[in-house]
Amino acid sequence: MEPTSYLFGEFDVAELSLWIFWLFFAGLIFYLRREDRREGYPLENDVTGQHEPLGGLLFTAQPKTFLLPHGHGTRTLPRADNRDTRPIAARRSAPSDGSPLEPTGNPLLDGVGPGSYAERPNYPDLTIDGHPRIVPLRVAPDFHVSPQDTDPRGLVVLGCDGLKGGTVTEVWVDRSEQLIRYLEVSTGSGFADRSVLLPMQMCIVDGGARAVKVRAITSAQFGQVPETASTEQITLLEEEKIVGYYGGGHLYATRDRQEPWL
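Residues numbered from 1 in each chain as written. Predicted model: local features only at pLDDT ≥ 70, side-chain atom pairs only at ≥ 80, totals over all residues. Heavy atoms only, no water.

Novice: I'd like a description of unusual backbone geometry, backed by residues and values.
Specialist: Cis geometry is adopted by the peptide bond preceding Pro78, which originates at Leu77 and carries an omega value of -5°. In the Ramachandran plot, His70 falls in the positive-phi region, its phi being about 60° despite a non-glycine side chain. Looking at the element boundaries, His70 is found in the loop between strand S3 (64-67) and strand S4 (74-77). The phi angle at Gln178 is positive, at roughly 60°, despite the residue not being glycine. (Helix = DSSP H or I, 4+ residues; strand = E, 2+ residues; numbered from the N terminus.)

Right, dumping it as structure tokens:
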């Protein structure tokens, strides 16, 4: 008898392999769809504000406890009390589901729309050896600005209105990624004298013009950027608020940014 790949009838090894693959793939999708129902669940009804059921045994992952690094305890998800209970300083622009929210306060500070932020832990991100990850150069002597690049310290900071919002006084670096994360800006005269942080991704260092240009906010709005509690480190929550402030400026910094283009 000649050798054959058929197991029985017309069902061969190739078809068996294909069925095994499809069953594995279906199981993988089912597993992943359960696992992604952790952070942010249970869902909240957009109209009533009531919490939706978790989904039952088949559609919700079983609670899992995660061990946080550097002695920050544990976190178990999903859980019913994992909700953001902060009041929203905005109102619905229309009664239908999914209608955009209109800010009722200062959207740059109230965490609305593109200025929203998550309530992350109020402690600094740490390197693998447990030291604060993002720090100013004054406490990181092993880091320096490359001589091939423009040193931003001493440069004037211009808001989206082209006016001076402050002066760069220091550079904050990421010890793990070895890059610049923030510029420290002194608002100087014209505002309450404050030192605030400017995310490096939100600005352009123009060496030729000897200026740091920011499109996100106006010069006056540098006076309200959320500050850090420490002058030598920044917490995860503070990062959220600061980045959210500049992010919100792309829509809310000026009234014309909120109007239609056509």
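Novice: I'd like to hear about the packing of aromatic side chains, residue by residue, with values.
Specialist: Tallying each qualifying case throughout the model produces 5 aromatic pairs. Centre to centre, the rings of Phe222 and Tyr246 are 6.3 Å apart; their planes meet at 65°, and the pair counts as edge-to-face. Pair noted here: Phe222 is in the loop between strand S13 (211-214) and helix H4 (236-252) and Tyr246 is in helix H4, with a separation of 24 residues, a long-range link. Classification of Tyr246 by relative accessible area gives buried; the value is 0%. Consider the rings of Tyr245 and Tyr246, whose centres lie 6.0 Å apart with planes at 80°: the pair is edge-to-face. (Phe/Tyr/Trp six-rings, centres within 6.5 Å; stacked < 30°, edge-to-face > 60°. Buried < 20%, exposed > 50% of the residue type's maximum accessible area, 1.4 Å probe, protein only.)

Novice: Mind laying out the pairing of strand S10 (residues 179-186), listing which residues take part and the relevant values?
Specialist: Inspection of the sheet shows strand S9 (residues 164-174) paired to S10 by 7 bridges, in the antiparallel sense. Residue pairing across strands places Thr167 opposite Ser186, the latter belonging to S10. Counting the residues that bridge the hairpin from S9 to S10 gives 4 residues, and of these Gln178 lies at a positive phi of roughly 60°. As paired strands, S10 and strand S11 (residues 195-199) are joined by 5 bridges and run antiparallel to one another. Pairing of Val185 across the sheet is with Val196, part of S11. (Pairing = 2+ DSSP bridges.)

Novice: Break down H4 for me, with residues and values.
Specialist: Here H4 contains 17 residues, and its C-alpha end-to-end distance of 24 Å stays within 8% of the 24 Å for a straight helix at 1.5 Å per residue. The buried fraction of H4 is high, at 12 of 17 residues. Every buried residue of H4 is accounted for by Leu236, Leu237, Glu238, Glu239, Ile242, Gly244, Tyr245, Tyr246, Gly247, Gly248, Gly249 and Tyr252. On its buried face, H4 sits against strand S6 (101-103), helix H3 (107-110), strand S7 (134-136), S10 and S11. (Expected span 1.5 Å × (residues − 1). Contact = heavy atoms within 4.5 Å.)

Novice: Please set out the pattern of salt bridges residue by residue, giving values where relevant.
Specialist: One pass over the structure, following the stated rule, counts 15 salt bridges. Between Arg133 and Asp125 there is a salt bridge whose closest N-O contact spans 3.3 Å. The class of Arg133 is buried, set by a relative accessible area of 17%. One salt bridge connects Arg138 with Glu184, and the closest N-O pair in it is separated by 3.1 Å. With Arg138 in the loop between S7 and strand S8 (156-158) and Glu184 in strand S10, this residue pair connects regions lying 46 residues apart in the sequence. Owing to a relative accessible area of 10%, Glu184 belongs among the buried residues under this scheme. (Salt bridge = Lys/Arg side-chain N within 4 Å of Asp/Glu carboxyl O.)

Novice: An account of the environment of Lys164 is requested, with residue identities and associated values reported.
Specialist: In this structure, Lys164 sits in strand S9. Separated by 55 residues in sequence, Lys164 and Ser219 place their C-alpha atoms 5.7 Å apart.

Novice: Any details on the nonpolar core? Residues and values, ideally.
Specialist: Membership of the largest hydrophobic core comes to 32 residues, with the highest contact counts inside it found for Val157, Leu198, Val212, Val214, Ile217 and Tyr246. Not counting the four nearest positions on each side in its chain, Val157 is found in contact with Leu163, Lys164, Gly165, Gly166, Thr167, Val168, Val185, Leu198, Val212, Val214 and Phe222. (Core = buried A, V, L, I, M, F, W, Y, C linked by side-chain atoms within 4.5 Å.)

Novice: Pulling in residues and values, what's your account of a nonpolar patch on the surface?
Specialist: On the surface, a cluster of nonpolar side chains totalling about 900 Å² of accessible area is made up of Leu18, Phe21, Trp22, Phe24, Phe25, Leu28, Ile29, Tyr31 and Leu32. Secondary-structure assignment places Phe21 in helix H1 (residues 13-35). With relative accessibility at 42%, the residue Phe21 sits in the partly exposed group. (Patch = residues over 30% accessible without salt bridge, like charges linked within 9 Å, V, L, I, M, F, W, Y side chains within 5 Å. Areas by Shrake-Rupley, 256 points an atom, 1.4 Å probe, with all protein chains shown as cover.)

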